Amino acid sequence: MNSNIATHSTVELTYVRSARAFVLSLLGPLTIGAGVIWAIVQPWRLTLLHPHGQGFWWLVIEPPLLLAVAGAVFALVVARPLLAELDEARSRGDTVPGEQCAATG
Amino acid sequence: MVHWLFATGFVLLGLCLLSEALVGTEVWQRQPWRKYLWPGLLFALGVLMWPVMAFFTNSAIHTYAHGSWAEVMMLAGGAELGLISGRLRSPWWRLALPLAFVVGGTAIILHEQNTWLFARSAFLHHLIGWTMIGAAVFPLGKAFRPRSGFFQTGVALSLVVLAVMLYTDRDVAPVFGHLSPLAGAPHR
């Protein structure tokens, strides 16, 4: 058995695993950031900043805030538990099937 | 306004699908609640489209279009829920998702009676329609290769793009400086 190949495969798998976890951890914050930047670039989209004369629904439905809330909900409800499971699997030394496929192309 | 609410739903849907593509279906489905998450969300968006159809449409063709979206989203979400739970066994049910893309895209084109540069909403109707019809290749590929990261990512990003387009919609607004005088004064 060629130990160089085995070492290379392990390193690659670990790299892919950590890279995917890193991308996953960024999805929520990036979505929140997109909402915040949108609110800064187009402040008139936030009717809360100029509520006079606005109806109920125009005050409730604030697109940049909706986007930021969606990012926060995703980060807390989906991404965080998923990342915890990945960390747990990593600490146990489990092989994650999807990652193994990606690592082997 | 309703477009923005649904855009938020599609953002969540796209993020969930992107997560599944990133970690792999096996990991994604380790938690029982999580494997039902995005199909359930898709089904719920279909259910929520019915009140939109009933209360927020102002012509027959709009009613038919919104009704068709409600039906195909419920069908696609329900089919995925059935497949995951094991109640549906035939893999052909996976074709419900590409069907939703094609029917949804066709309906949004057909119910727009104005040209591309009439106003922003007209432009977006054409753009969303053709985008969804073209993007149907991703759920179609996913139907035949359900574990393919490429097709899973394609479906996810298509929904995120759909959300961006829905977020840019306004009641009356110009598009690339064009606004037909027949469209009325810009607002919202």
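Residues numbered from 1 in each chain as written. Chains lettered and ligands numbered in written order. Predicted model: local features only at pLDDT ≥ 70, side-chain atom pairs only at ≥ 80, totals over all residues.

### Digging into the overall build of chain A
Here is step 1 of the chain: In terms of regular secondary structure, chain A is built from 4 helices and 0 strands.
Here is step 2 of the chain: Walking chain A from its N terminus toward its C terminus, one meets helices and strands in the order α-α-α-α.
Here is step 3 of the chain: Expressed as a percentage of its 105 residues, the buried residues of chain A come to 22%.
Here is step 4 of the chain: For chain A, long-range pairs separated by at least 24 residues make up 73% of all intrachain contacts whose partners lie at least 6 apart in sequence. (Helix = DSSP H or I, 4+ residues; strand = E, 2+ residues; numbered from the N terminus. Buried ≥ 20, exposed ≤ 12 C-beta atoms within 10 Å, placed from the backbone. Contact = placed C-beta atoms within 7 Å.)

### Considerations on the packing of helix H1 (residues 2–23) of chain B against helix H9 (residues 149–167) of chain B
All names here are of chain B.
Here is step 1 of the chain: Contact geometry of H1 with H9 gives a least axis separation of 8 Å together with a crossing angle of 160°. The orientation of H1 with respect to H9, classified from their angle, is roughly antiparallel. As for how H1 packs across H9, the hand of that crossing is left-handed. Between H1, through His3, Trp4, Phe6, Ala7, Phe10, Val11, Leu13, Gly14, Leu17, Leu18, Glu20 and Ala21, and H9, the contact on the second element is made entirely by Gly149, Gln152, Thr153, Val155, Ala156, Leu157, Leu159, Val160, Leu162, Ala163, Leu166 and Tyr167.
Here is step 2 of the chain: Split into classes, the residues belonging to the contact of H1 with H9 amount to 18 nonpolar, 5 polar and 1 charged. (Axes fitted to C-alpha atoms, helices over the stretch in contact; angles between N-to-C directions. Parallel < 35°, antiparallel > 145°, perpendicular 65-115°, else oblique. Left-handed = near helix turned anticlockwise from the far one by under 90°. Nonpolar A, V, L, I, M, F, W, Y, C, P; charged D, E, K, R; others polar.)

### Details of helix H3 (residues 63–92) of chain A
Side chains that are three or four residues apart share a direction in an α-helix, a result of its 3.6 residues per turn.
Residues and elements named next belong to chain A.
Here is step 1 of the chain: Helix length check: H3, at 30 residues, gives a terminal C-alpha distance of 42 Å against a target of 44 Å (1.5 Å per residue), a fit within 8%.
Here is step 2 of the chain: Along H3, the helix axis deviates most sharply at Ala75, where the bend reaches about 40°.
Here is step 3 of the chain: Taken together, the buried positions of H3 are Pro63, Pro64, Leu67, Ala68, Ala70, Gly71, Phe74, Ala75, Val78, Ala79, Leu82 and Leu86.
Here is step 4 of the chain: Backbone geometry just after H3 places Gly93 at a positive phi near 80°. (Expected span 1.5 Å × (residues − 1). Bend = angle between axes of the 7 residues up to and from the residue.)

### Brief notes about the confidence of the model for chain A
Residues and elements named next belong to chain A.
Here is step 1 of the chain: The share of residues in chain A with pLDDT of 70 or more is 72%, and the mean pLDDT across the chain is 80.
Here is step 2 of the chain: At the low end of the mean pLDDT range in chain A sits helix H4 (residues 97–103), at 45; at the high end sits H3, at 92.
Here is step 3 of the chain: Counting interchain partners and residues more than four positions distant, the pLDDT-below-50 stretch residues 97–105 has 19 contacts. (pLDDT = per-residue confidence, 0-100.)

### Structural notes on the nonpolar core
All names here are of chain B.
Here is step 1 of the chain: Membership of the largest hydrophobic core comes to 64 residues, with the highest contact counts inside it found for Phe10, Leu17 and Met73.
Here is step 2 of the chain: With 13 residues, H1 is the largest single contributor of residues to this core.
Here is step 3 of the chain: Beyond its immediate stretch of four places on either side in the chain, Met73 contacts Leu42, Leu45, Gly46, Met49 and Ala100. (Core = buried A, V, L, I, M, F, W, Y, C linked by C-beta atoms within 7 Å.)

### Some points on H9 of chain B
Here is step 1 of the chain: The first and last C-alpha atoms of H9 of chain B sit 27 Å apart over 19 residues, in line with the 27 Å expected at 1.5 Å per residue.
Here is step 2 of the chain: Of the surrounding elements, those touching the buried residues of H9 of chain B are H3 of chain A together with H1, helix H7 (120–135) and helix H8 (137–144) of chain B.

### Examining the environment of His50 of chain A
Residue and element names in this part refer to chain A.
Here is step 1 of the chain: On the secondary structure map, His50 appears in the loop between helix H1 (3–41) and helix H2 (56–60).
Here is step 2 of the chain: Look at His50 and you get exposed, because 10 C-beta atoms sit within 10 Å.
Here is step 3 of the chain: Residues His50 and Val60 lie 10 residues apart in sequence; the distance between their C-alpha atoms is 13 Å.

### Description of the interface of chain B and chain A
Here is step 1 of the chain: Across the contact, 19 residues belong to chain B and 23 residues belong to chain A.
Here is step 2 of the chain: Residue assignment for the side of chain B that touches chain A shows that the elements contributing at least two residues are H1, helix H2 (25–28) and H9 of chain B.
Here is step 3 of the chain: Sort the elements by how many residues they give to the side of chain B that touches chain A and H1 of chain B lands first, with 11 residues.
Here is step 4 of the chain: Here the side of chain B that touches chain A is composed, by residue class, of 12 nonpolar, 5 polar and 2 charged.

### Points about the packing of H1 of chain B against helix H4 (residues 37–55) of chain B
Residues and elements named next belong to chain B.
Here is step 1 of the chain: At a minimum axis distance of 9 Å, the contact between H1 and H4 shows a crossing angle of 170°. Our classification of the angle between H1 and H4 gives roughly antiparallel. Helix-helix and strand crossings are classified by hand; for H1 and H4 the assignment is left-handed. In contact with Val2, Phe6, Gly9, Leu12, Leu13, Cys16 and Leu17 of H1, H4 contributes Leu37, Trp38, Leu41, Leu42, Leu45 and Val52.
Here is step 2 of the chain: The class makeup of the residues in the contact of H1 with H4 is 12 nonpolar, 1 polar and no charged.

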